[in-house]
Amino acid sequence: MVYSDTVMDHFKNPRNVGEIKDADGTGNVGNPMCGDMMTITIEVKDNVISDIKFKTFGCAAAIATSSMITELVKGLTIEDALKITKDDIVENLGGLPPIKLHCSNLAADALKKAIDDYREKLNK
Amino acid sequence: MIMVKKSVYLDNSASTRVLDEVVSAMIPYFTEIYGNPSSLHSFGIKAKKALDDSRKIVANSINANPEEIIFTSGGTESDNIAVFGVAAARKDGRIITTKIEHPAIKNTVQKLKTQGFEVLFIDVDYEGFINIKQLEESINADTILVSIIHANNEIGTIQDIETIGNIIKTKNPNTYFHVDAVQSYMKLPIDVVSAKIDLLSIASHKIHGPKGVGALYIRNGVKLKSLQLGGSHEKNLRAGTENVPGIVGFAKAVELNLVDLEEYTKNLVFLRDRLIDGIEKRIPHVILNGPRGVSRNSNNVNISFKHIEGESILLYLDMQGIAVSTGSACSSTSLKPSHVLEAIGLPVEICHGSIRFTLSRYTTKEEIDYVLEVFPKIIAKLRALSPLNAN
Ligand SMILES: Cc1ncc(COP(=O)(O)O)c(C=O)c1O
Ligand SMILES: [Zn+2]
């Protein structure tokens, strides 16, 4: 099994690692028992994701997809960010080994949860 | 491109570098003495002599007779011939093994279970030692086979095979005792007579010999049915022209290991404990899996790093030129923790962060110190990525 150069690049130098303090939205998905767990925090200004950070417990594929989604959605409106699918992430990574495709599920789910959390806070 | 600064191989339980003298010993058997050992002409006779000499060397190394050794393609085949061979000869009954076997045993006995054999898996404690009392109580009149892994391939736990052999034969002299000694051979002394062993599996590529060669010891009088049909090679138990160059290389590796066995085992233990101590001193939140001291195989270190996942550690180490293995493999649909780590009661999320380092006679103190130098940074970087760390 070999990872693409882009996957290895994101795995070696993950972008946007960390947690935004007092984030506008937070998404937690997965659990350590299954071997994959991820937290995404977002900052939203004028309906645009102005900042995003992630933390991930998982394999190289899980870390690379987390890193990639933060790059893809930073600067997008909430609506456009929600259009990003896991297939988009995998495509931008130059593909994933078939047995690792399931590891890419979490990133899109975590983002969606963070946005849900943001919207809930707005409506309060 | 990955910049490899150094190249440190710490996956010797997976396979080993072949000794130069072993390679030299094999070469004439490709280009000069290439006859079939079953042939009656001079080419065949020379090949047969090499086979006989090799058999003697392997037999002597475990206190067996040459006619009690058959050559195979490796540990997996030896395990298969032993387990399926006994089952086919005895037709039904109880088979007892442990919860920490290599897949070569685990999957063969599981297959026999589907064919109507009764299969029991003995528990192990938190260090991987089998529950001897449970084993003793499990051996009944129907028990045809007990199969025990001598030194565990993942966590290095060494079982007391002499005690186990005595218990088995006291409870039921008709129960065969098979030992999977693939990881212990040439690291621990093995005496098939004093441990009352009927069947014993070993493999060449774990002891600096070539891949694709192994042996099965079959005590005189033990009844096995063969699985592979064909010519009458290897006592009718393993049909097929023998891998003469491989077998010669295997025997040469045995000879060479025996020259300085004690000395290099001492060195291995020193390096092993230097690595364990160094990691425990430099890196917080780690757990050593398996026992410490004399009951741990001399080449094995297995450590869990909390909050992070094994594949990530493995790949970061590989970028620094360090080759290790991980207990979990995130493949199919979820991360499957190793059945061995589960059996010792390690929580699943901690199983995922386990790394196995296995040393060999080629491992140096400089290499261990290099690992200790780069490792803390790798763990710190991965932990900074982990959502589990802060909690
Ligand atoms: C304990 C044990 N048994 C059996 C085997 C299988 O040996 P081989 O790879 O030679 O088939 C291995 C190899 O890792 C092992 O460690
Ligand atoms: Zn994964």
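How each quantity is defined
Residues numbered from 1 in each chain as written. Chains lettered and ligands numbered in written order. Predicted model: local features only at pLDDT ≥ 70, side-chain atom pairs only at ≥ 80, totals over all residues. Heavy atoms only, no water. Buried < 20%, exposed > 50% of the residue type's maximum accessible area, 1.4 Å probe, protein only. Helix = DSSP H or I, 4+ residues; strand = E, 2+ residues; numbered from the N terminus. Polar contact = N/O pair within 3.5 Å; in protein donor to acceptor, adjacent residues only side chain to side chain. 1 Å grid on protein atoms, 1.4 Å probe; cavity = no way out; pocket = protein on both sides within 12 Å on 5 of 7 lines; lining within 4 Å. Points joined across faces, edges and corners; volume = space filled by probe spheres on them. Nonpolar A, V, L, I, M, F, W, Y, C, P; charged D, E, K, R; others polar. Patch = residues over 30% accessible without salt bridge, like charges linked within 9 Å, V, L, I, M, F, W, Y side chains within 5 Å. Areas by Shrake-Rupley, 256 points an atom, 1.4 Å probe, with all protein chains shown as cover. Salt bridge = Lys/Arg side-chain N within 4 Å of Asp/Glu carboxyl O. Pairing = 2+ DSSP bridges. Contact = heavy atoms within 4.5 Å. Axes fitted to C-alpha atoms, helices over the stretch in contact; angles between N-to-C directions. Domains from an automatic or database assignment. Buried area = accessible area lost by both parts, 1.4 Å probe. Phe/Tyr/Trp six-rings, centres within 6.5 Å; stacked < 30°, edge-to-face > 60°. Near = heavy atom within 4 Å. Lys, Arg positive; Asp, Glu negative; His and termini not counted. Right-handed = clockwise from strand over helix to strand, strands pointing away.

A. Examining helix H10 (residues 310–319) of chain B more closely. Residue and element names in this part refer to chain B. In terms of burial, H10 is a largely internal element, 8 of the 10 residues being buried. Among the residues making up H10, those that are buried are Gly310, Glu311, Ser312, Ile313, Leu315, Tyr316, Leu317 and Met319. One side-chain oxygen of the residue at the start of H10 lies 3.2 Å from the amide nitrogen of Glu311, identifying that residue as Glu309. Positive phi shows up at Gly321, right after H10, with a value of about 85°.

B. Looking closely at the layout of surface pockets. All names here are of chain B. A volume near 330 Å³ is recorded for the second largest pocket. Along the wall of the second largest pocket there are 21 residues; nearest its centre are Ile158, Lys187, Leu188, Pro189 and Val294. The set of elements that each furnish at least two residues to the lining of the second largest pocket consists of helix H7 (161–171) and helix H9 (261–282). The greatest single-element share of the lining of the second largest pocket, amounting to 3 residues, is contributed by H9. Along the lines of polarity and charge, the residues of the lining of the second largest pocket split into 8 nonpolar, 7 polar and 6 charged.

C. Representation of a nonpolar patch on the surface within the structure. Where nonpolar side chains cluster on the molecular surface, the patch consists of Val23, Ile27 and Phe30 of chain B and spans about 280 Å² of accessible area. Structurally, Phe30 of chain B is set in helix H2 (residues 28–31).

D. Seen up close, the sheet that holds strand E15 (residues 354–358) of chain B. All names here are of chain B. Read from one edge of the open sheet, 4 strands run E9-E10-E15-E12, paired in antiparallel fashion. Taken across any chain shown, the strands that pair with only one partner, and hence form the sheet edges, are strand E9 (286–288) and strand E12 (325–326). Contacts from helix H13 (residues 365–385) reach E9, strand E10 (300–305) and E15, with the element oriented near 25° to E10.

E. Structural detail: the domain arrangement of chain B. All names here are of chain B. Split by domain assignment, chain B resolves into domain 1 (8–17 + 260–385) and domain 2 (20–259). Computed over C-alpha atoms, the centres of domain 1 and domain 2 are 27 Å apart. On the side of domain 2, 33 residues touch domain 1, which itself brings 31 residues to the contact. Interface area for domain 1 against domain 2, summed over the two sides, is near 2,600 Å², with a carbon-plus-sulfur share of 47%.

F. Representation of the interface of chain A and chain B in the model. At the interface, 26 residues of chain A touch 26 residues of chain B. When chain A packs against chain B, close to 2,100 Å² is buried across both sides, 66% of that on carbon and sulfur atoms. Three residues stand out in chain A for area buried against chain B, namely Phe11, Lys12 and Phe57 of chain A, and they jointly supply 27% of the buried area on that side. At the junction of chain A and chain B, the tally comes to 1 salt bridge. Glu311 of chain B serves as the salt-bridge partner of Lys100 of chain A, at 2.5 Å between the closest nitrogen and oxygen. For the interface between chain A and chain B, the tally reads 9 residue pairs in polar contact (both at pLDDT 80 or more). Those elements that provide at least two residues to the side of chain A that touches chain B are helix H1 (5–12), strand E2 (36–45), strand E3 (48–57) and helix H2 (60–73) of chain A. For the side of chain A that touches chain B, the element with the most residues is E3 of chain A, which contributes 4 residues. When its residues are assigned to classes, the side of chain A that touches chain B shows 18 nonpolar, 5 polar and 3 charged.

G. Focus on the packing of aromatic side chains. All names here are of chain B. Applying the stated rule across the entire model yields 6 aromatic pairs over all chains. Note on Phe71 and Phe250: the rings are 6.4 Å apart at their centroids and 75° apart in plane angle, and the pair reads as edge-to-face. Within this pair, whereas Phe71 is found in strand E2 (residues 69–72), its partner Phe250 is found in helix H8 (residues 244–259), the two being separated by 179 residues in sequence. There is no split in this pair, since Phe71 and Phe250 are both buried.

H. Quick peek at the site of ligand 1. All names here are of chain B. Lining the immediate surroundings of ligand 1 are 13 residues, of which Gly75, Thr76, Asp180, Gln183 and Lys206 lie closest. One of the side-chain nitrogen or oxygen atoms of Thr76 is found 2.6 Å away from an oxygen atom of ligand 1. Between ligand 1 and Lys206, the relevant distance is 2.6 Å, taken from an oxygen atom to a side-chain nitrogen or oxygen of the residue. Protein chains bury 86% of the 390 Å² of accessible surface belonging to ligand 1 in isolation. It is helix H4 (residues 75–90) that provides the largest number of residues to the shell around ligand 1, a total of 3 residues. Here the residues of the shell around ligand 1 are counted per class, giving 3 nonpolar, 7 polar and 3 charged.

I. View of the side chain of Glu68 of chain B. Residues and elements named next belong to chain B. Residue placement: Glu68 occurs in the loop between helix H3 (42–61) and E2. An unpaired buried charge is present at Glu68: no salt bridge exists, and Arg219, the closest side chain of opposite charge, is 6.4 Å distant. Polar contacts involving the side chain of Glu68 include one to the main-chain amide nitrogen of Asn65, which spans 2.7 Å. Every residue in contact with Glu68, bar those within four places of it in the chain, is listed here: Leu216, Tyr217, Ile218, Arg219, Asn220 and Lys235.

J. Representation of the pairing of strand E3 (residues 94–98) of chain B. Residues and elements named next belong to chain B. Extensive coverage of E3 is indicated by the burial of 5 of its 5 residues. Burial of the side chains of E3 extends over both faces: Arg94, Ile96 and Thr98 are buried on one face and Ile95 and Thr97 on the other. As defined by bridge partners, E3 adjoins strand E4 (residues 118–122) across 5 bridges and the pair is classed as parallel. Its bridge partner lying in E4, Thr98 is registered against Ile122. What joins E3 to E4 is helix H5 (residues 103–114), and the crossover it makes is right-handed. Here 3 bridges tie E3 to strand E5 (residues 143–149), and the two strands are oriented parallel to one another. Counterpart to Arg94 in the pairing with E5 is Thr143.

K. Main features of empty space enclosed by the protein. All chains considered together, the criterion is met by 2 cavities of 30 Å³ or more. Estimated volume of the largest cavity: approximately 80 Å³. Lining the largest cavity are 15 residues, with Lys187, Lys206, Ile207, His208 and Tyr264 of chain B positioned closest to its centre. Quantified by volume, the second largest cavity comes out at close to 50 Å³. Elements represented by at least two residues in the lining of the second largest cavity include exactly E3 of chain A together with H13 of chain B. Residue composition of the lining of the second largest cavity, grouped by class: 5 nonpolar, 5 polar and 1 charged.

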